[in-house]
Amino acid sequence: MNKVGQTKLVCFFDSGIGGLNLLNECAKRRKDCNFAYFADNYNMPYGSLTHKEIQSLVDGKFQLMSYLNPAAAVVACNTVTAECIQFLRQKYSFPIIGIQPAVKPAAANHKNCVVLATPATANSQSLKNLVQEHGGGHTKVIACPDLAAYIENNIFNLDRKEVQRLLPKIECDSIVLGCTHYIYVGEIISSFYNCPVFDGIKGTANRFETIIGNCDFPSDHSEITFFGGDCMKNSRIFSYLSNNKN
């Protein structure tokens, strides 16, 4: 699909709707690229699966991506980045960009920082290394086993009290959102803990722009295509995001 003389194609992957936040940010920055969003809504939450299960599911999606010959792929899922990014980079020839929790900017300015993440991400060596390197010695990681699934399954009818019930009862002065699904309830989380929240969207979008480079065929309109999972739901949410987020 991404042949000489055509606009660059960038593929995105997330277990469900979480990665649409990152897709929206990248699509707004680079209207000279086309985008394909691969999702697996019916098998999420990935954060509750084993490493072997996650890798098998993700590899299947990336095999489909490879047929499109993308200029790059973006893993818009913290769990998949933590569990599979090295495997994917070793197997596939196109550049693969991952997302990580924004531990560094949060810990740099706050002394009681907490990362909320899925169980798989919370237990991953990748996140442990990130916290050790950039957490300033005062960053904790706490798993939220049911929050991502609740958001995915109730995105059109989110209940503030139910979201709060699924949050750990802790004291902190900053929260890092370790799952892209959590961004949909970022305001609720910020209000619940009375502190700022940080996510990895802008940092990953910056990395995406660096990797994708210049496009040979400038355009002011991107084509967005949805593959796998609940395409109608994903398309509907992306349309809302693109029309309502600055």
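Look up: the structure comes first, before these words.
These numbers were taken from a predicted model, which means no experiment stands behind them.

### So, helix H11 (residues 231-244)
Its 14 residues give H11 an end-to-end C-alpha distance of 20 Å, which sits within 8% of 20 Å, the value for a rise of 1.5 Å per residue. Of the residues making up H11, those classed as buried are Lys233, Asn234, Ile237, Phe238 and Leu241. End-on, the buried residues of H11 take up no more than an arc of 125°, which puts them together on one face. Set apart from the buried face of H11 by more than 90 degrees, the exposed residues are Met232, Arg236, Tyr240 and Asn243.

### A word on empty space enclosed by the protein
Considering all chains together, one arrives at four cavities of 30 Å³ or more under this definition. One number sums up the size of the largest cavity: a volume of about 90 Å³. Empty space within the second largest cavity amounts to approximately 50 Å³. Elements that contribute at least two residues to the lining of the second largest cavity include exactly helix H3 (78-91) and helix H6 (125-134).

### Let's talk about the packing of aromatic side chains
In this structure the tally under the stated criterion is eleven aromatic pairs. When the ring of Phe13 is compared with that of Tyr46, the centres are 6.1 Å apart and the planes differ by 40°; the resulting orientation is tilted. Remark: Tyr46 occurs in the loop between strand S2 (34-39) and helix H2 (51-66) and Phe13 occurs in strand S1 (residues 9-14); sequence separation between them is 33 residues. Under the relative-accessibility criterion, Tyr46 is labelled buried at 1%. Note on Phe62 and Tyr92: the rings are 5.8 Å apart at their centroids and 45° apart in plane angle, and the pair reads as tilted. One end of the pair, Phe62, is in helix H2; the other, Tyr92, is in the loop between H3 and strand S4 (96-98), and 30 residues separate them in sequence.

Thresholds, definitions, all that
Residues numbered from 1 in each chain as written. Predicted model: local features only at pLDDT ≥ 70, side-chain atom pairs only at ≥ 80, totals over all residues. Heavy atoms only, no water. Helix = DSSP H or I, 4+ residues; strand = E, 2+ residues; numbered from the N terminus. Expected span 1.5 Å × (residues − 1). Buried < 20%, exposed > 50% of the residue type's maximum accessible area, 1.4 Å probe, protein only. Arc of directions from axis to C-beta. 1 Å grid on protein atoms, 1.4 Å probe; cavity = no way out; pocket = protein on both sides within 12 Å on 5 of 7 lines; lining within 4 Å. Points joined across faces, edges and corners; volume = space filled by probe spheres on them. Phe/Tyr/Trp six-rings, centres within 6.5 Å; stacked < 30°, edge-to-face > 60°.

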